[in-house]
Amino acid sequence: MQQKIQVREMDMQDFQQVYALWKTIRGFGIRSIDDSREGVERFLKRNPSTSVVAVDQSRVVGAILCGHDGRRGCFYHVCVHEDYRKQGIGTAMAVFAMKALQKEQINKVSLIAFKKNEGGNQFWKRVGWTFREDLNYYDFTLNDANITEFNQI
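Everything quoted here is computed from the prediction, not taken from an experiment.

Reading guide: rules and limits
- Residues numbered from 1 in each chain as written.
- Predicted model: local features only at pLDDT ≥ 70, side-chain atom pairs only at ≥ 80, totals over all residues.
- Heavy atoms only, no water.
- Phe/Tyr/Trp six-rings, centres within 6.5 Å; stacked < 30°, edge-to-face > 60°.
- Lys NZ or Arg CZ within 6 Å of the ring centre and 35° of its normal.
- Pairing = 2+ DSSP bridges.
- Helix = DSSP H or I, 4+ residues; strand = E, 2+ residues; numbered from the N terminus.
- Axes fitted to C-alpha atoms, helices over the stretch in contact; angles between N-to-C directions.
- Contact = heavy atoms within 4.5 Å.

S.K.: Please clarify how the packing of aromatic side chains should be interpreted in this entry.
M.R.: The geometry of an aromatic ring pair is captured by the separation of the ring centres together with the interplanar angle, meaning the angle of the planes. One pass over the structure, following the stated rule, counts nine aromatic pairs. Arranged with centres 4.8 Å apart and planes meeting at 75°, the rings of Phe123 and Trp124 form a pair that is edge-to-face. One aromatic cluster is present, formed by Phe15, Tyr19, Trp22 and Phe28 through successive ring pairs. It is Lys125 that lies over the ring of Phe131; its NZ or CZ is 5.2 Å from the centre.

Quick look at the structure:
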């Protein structure tokens, strides 16, 4: 019999398990500064009620870092443990985070998915997100020490 998964707000007590989950996801990019304990703590202080975890008993099996700038929300590091996929956990976490954004009067949310992340891209399209073909995404690195390493599991 499968346990009921609890979807709830993420806090710093979840960090160790969330980080360990990130390390199990093939192709997942983890940044040396932004995704460190200090980086995630800084993010959660700025966005205290919008990030989400999915928990099976006491084990974190899914997570979304979610924040906003006062105008638009953004999902970062959306993941569900491989053994728990296709059970509605990703959808439940996304809905939880979107409702938290709505409470803060945020009207639109975006995310970035790597082109090679076929499963993730299929998921977002299936649950009703719009793929934008009318814009280009650019970024600029302000701190070269914030290195992204991709899991090769």
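S.K.: What should I look at first to understand the sheet that holds strand β4 (residues 59-68) in this one?
M.R.: Within a sheet, each strand pairs with its neighbour through backbone hydrogen bonds, oriented either parallel or antiparallel. Strand order in this open sheet of five strands is β1-β3-β4-β5-β6, and the pairing throughout is mixed. Each end of this open sheet is capped by a strand with a single partner; those strands are β1 (5-9) and β6 (109-111). Within this sheet the neighbouring strands show an average axis-to-axis angle of 25°, counted without direction. Bridging between strand β3 (residues 52-56) and β4 involves five bridges; their strand directions are antiparallel. In the sheet register, Ala54 faces β4, and the bridge partner there is Gly62. Here helix α2 (residues 37-46) sits on the sheet and contacts β4 and β5 (73-80); the angle it forms with β4, its principal contact strand, is near 60°.

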